[in-house]
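If you want the building blocks of each chain, they are given just below.
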Amino acid sequence: MQPIHPTTPTGLHHLTAIAGNPQTNVDFYTGVLGLRLIKKTVNFDDPSAYHLYYGDETGSPGSIITFFYWPGHDARGRTGPGQTTAIVLSAPAASLDYWQQRLASLSIAATRRNRFGEEVLAFADPDGIPVEIVAVTGDPRTGWQHHAAIPAAHALRGLHTAELTVRSATRTEQLLTTVMGCRLVRREGTRARFTSAHSETSGSYIDIIADASAAPGAGGSGTIHHIAFSVPDDDTQLLLQKALHVAGYSVSEVRDRNYFHSIYYREPGGILFEIATATPGFAIDESPATLGTALKLPTQFERARSQIERLLPPLHPSNQE
Ligand code: ZN
């Protein structure tokens, strides 16, 4: 066992993907999959486009999936090496039959497979992003327990693993086991599973797939933009930023994402990595009970609220909630 270094990530924080249509996206992630819409805001780099956050009741690190929209630039991307290549979610082990039936009843084609001894249900979201629900034993997380159609016992618990595909895995694996403080759990074919040094639980796994034959991924709608790892606070983030810099990575300055603080860098296989703080969290600008119901804007955009609201298409809660 390697010692646990206090500056290494504790697990996954979120992943961010690009979708073609915000309403279709809300209908799928809240209506079909039963996640909670925890924040409705705009892209801080382009306030004419939504940025939607889904998660559990409070948007705990490891439960969060976010989507950007690029209206007017809806070029489709291609999933492949150099990207996070699937949204992999945890469900209670006894819930996989429920999810298989639910998807079938909604005419969503899904296939079942086994990986690392776990049953997996694989399908795609409306933009073609690969999504998997994995039957996990002993995941203590509860997910969003208040969906109108999905019994709380079957609620999805959050991200299970980060599936990362690269052409050659050596240097990516080296990064994980050094600066990022992860350790190898097991290998199966071309896939290796790592876990955070802090815990070996659902939500702290990272799968590296080596695939030199597939066409490289290309960013655009229907692809995952980046994967974020969680650190507890700003001090840890700054220490990790320094360690990455010393290891030769070109790491960004700290950016204020309102609900967390972030640094970014590209790992050797080309995948964008983010390190995000667990604080301050999503209740900073609305109450826990009303998360996701109002359009929230960062301070610099509040003065332009009426113009921004005119540019954004109306967004309705999914009718399956
Ligand atoms: Zn992010």
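This one's a predicted model, so the numbers in the text were calculated from it and none came from an experiment.

*Asks:* Teacher, can you tell me more about the overall build of the chain here?
*Replies:* Of the regular secondary structure elements, the chain holds 6 helices and 16 strands. If you line up the chain on its principal axes, its C-alpha atoms span 50 × 45 × 35 Å. Every one of the 321 residues in the chain was classed for burial, and the buried ones make up 55%. Partitioning the intrachain contacts of the chain with sequence separation of at least 6 by distance along the chain shows that 67% fall at a separation of at least 24. Carbon and sulfur atoms make up 53% of the accessible area of the chain, which totals about 13300 Å². Here the chain contributes 26 positive and 31 negative side-chain charges, whose respective centroids are spaced 2 Å apart.

*Asks:* What should I look at first to understand the environment of Ala 169 in this one?
*Replies:* When you line up the elements, Ala 169 lands in the loop between strand S9 (158–166) and helix H3 (170–177). Not counting the four nearest positions on each side in its chain, Ala 169 is found in contact with Ile 208 and Ala 210.

*Asks:* Even after reading the chapter, I still don't get unusual backbone geometry, so can you show me in this structure?
*Replies:* For residues besides glycine, phi is generally negative; the peptide bonds are generally trans as well. Of note, the bond from Thr 279 into Pro 280 is cis; its omega dihedral lies within 30 degrees of zero at 5 degrees. Structurally, Pro 280 can be placed in strand S16 (residues 272–280). The phi dihedral of Ser 107 is positive, around 60 degrees, even though this residue is not glycine. When you line up the elements, Ser 107 lands in the loop between helix H2 (96–105) and strand S6 (111–115). The phi torsion at Asn 258 lies on the positive side, around 70 degrees, for a residue other than glycine. You can see Asn 258 is positioned in the loop between strand S14 (255–256) and strand S15 (260–266).

*Asks:* Just checking my understanding: could you explain the packing of aromatic side chains for this structure?
*Replies:* Centre distance and the angle of the planes are the two values used to describe a pair of aromatic rings. Overall, the coordinates contain 14 aromatic pairs when judged by the stated rule. On the numbers, 5.3 Å between centres and 65 degrees between planes, the contact of Tyr 249 with Tyr 265 is edge-to-face. On the criterion of sequence distance, the pair formed by Tyr 249 in the loop between helix H4 (234–246) and S14 and Tyr 265 in strand S15 is long-range, its members being 16 residues apart. An identical accessibility class is assigned to Tyr 249 and Tyr 265; each is buried. An aromatic cluster is built from Phe 28, Tyr 29, Tyr 54, Phe 67 and Phe 123, whose rings are joined through pairwise contacts.

*Asks:* What exactly am I supposed to notice about the pairing of strand S7 (residues 118–124) here?
*Replies:* Side-chain direction in a regular strand flips from residue to residue, so the side chains alternate between the two faces of the sheet. Most of S7 is tucked away, with 5 of its 7 residues classed as buried. Strand direction decides the pairing type here: S6 and S7, joined by 5 bridges, are antiparallel. Paired with Arg 115 across the two strands is Glu 118, which belongs to S7. If you look at the hairpin formed by S6 and S7, you'll find 2 residues sitting between the two strands, and Phe 116 has a positive phi there, around 50 degrees. The pairing of S7 with strand S8 (residues 130–136) spans 5 bridges and is classified as antiparallel. Residue pairing in the sheet places Leu 121 in a bridge with Ile 133 of S8. Two successive antiparallel strands, S7 and S8, enclose a turn made up of 5 residues, where Gly 128 displays a positive phi of approximately 90 degrees.

*Asks:* I'm lost on the coordination of the zinc ion in this one. Help?
*Replies:* When a metal holds four donors in a tetrahedron, each ideal angle between them is 109.5 degrees; when it holds six in an octahedron, the ideal angles are 90 or 180 degrees. The protein atoms donating to the zinc ion are His 14 (NE2), His 226 (NE2) and Glu 274 (OE), with metal-donor distances spanning 2.0 Å. Along the chain, the residues donating to the zinc ion fall in the pattern H-x211-H-x47-E. Here the residue His 14 occupies a position in strand S1 (residues 11–19), and Glu 274 occupies one in strand S16, the gap between them amounting to 260 residues. The pair His 14 / Glu 274 is uniform in exposure class, with both members buried.

*Asks:* Help me out: how do you make sense of the sheet that holds strand S12 (residues 205–210) in this one?
*Replies:* In spatial order, the strands read S6-S7-S8-S5-S9-S12-S11-S10; together these 8 strands make up an open sheet with mixed pairing. The open sheet terminates on both sides in strands that have one partner only, identified here as S6 and strand S10 (183–188). Taken pair by pair, the neighbouring strands of this sheet meet at an average axis angle of 30 degrees, ignoring direction. The pairing of S10 with strand S11 (residues 191–195) spans 5 bridges and is antiparallel. Counterpart to Leu 184 in the pairing with S11 is Phe 194. Helix-sheet contacts for H2 involve strand S5 (83–92), S6, S7 and S8, and the interaxial angle to S7 is about 15 degrees.

*Asks:* Got a minute to help me understand the sheet that holds S15 in this structure?
*Replies:* The strand order S2-S3-S4-S1-S13-S16-S15-S14 describes an open sheet built from 8 strands, whose pairing is mixed. Strands with a single pairing partner mark the edges of an open sheet, and in this sheet they are strand S2 (36–43) and S14. As defined by bridge partners, S1 adjoins strand S4 (residues 64–69) across 6 bridges and the pair is classed as parallel. Paired with Ile 18 across the bridge in S4 is Phe 68. Against the sheet, helix H1 (residues 22–32) touches S1, S2, strand S3 (46–55) and S4, its axis set at about 5 degrees to S3.

*Asks:* Explain the pattern of salt bridges here, please?
*Replies:* Side chains that differ in sign of charge can pair as their charged atoms come close. Considering all chains together, one arrives at 16 salt bridges under this definition. With a shortest N-O distance of 2.9 Å, Glu 173 and Arg 187 are connected by a salt bridge. In this pair, Glu 173 sits in helix H3 while Arg 187 sits in strand S10, placing the two residues 14 residues apart along the sequence. Glu 253 is the partner of Arg 255 in a salt bridge, and the nearest nitrogen-oxygen pair spans 3.4 Å. Overlapping salt bridges, with partners in common, bring together Glu 118, Glu 163, Arg 191, Arg 193 and Asp 207 in one network.

Thresholds applied
Residues numbered from 1 in each chain as written. Predicted model: local features only at pLDDT ≥ 70, side-chain atom pairs only at ≥ 80, totals over all residues. Heavy atoms only, no water. Helix = DSSP H or I, 4+ residues; strand = E, 2+ residues; numbered from the N terminus. Buried < 20%, exposed > 50% of the residue type's maximum accessible area, 1.4 Å probe, protein only. Contact = heavy atoms within 4.5 Å. Areas by Shrake-Rupley, 256 points an atom, 1.4 Å probe, with all protein chains shown as cover. Lys, Arg positive; Asp, Glu negative; His and termini not counted. Charge placed at Lys NZ, Arg CZ, Asp CG, Glu CD. Phe/Tyr/Trp six-rings, centres within 6.5 Å; stacked < 30°, edge-to-face > 60°. Pairing = 2+ DSSP bridges. Donors = N, O, S within 2.8 Å, 3.2 Å for Na, K, Ca; no water. Axes fitted to C-alpha atoms, helices over the stretch in contact; angles between N-to-C directions. Salt bridge = Lys/Arg side-chain N within 4 Å of Asp/Glu carboxyl O.

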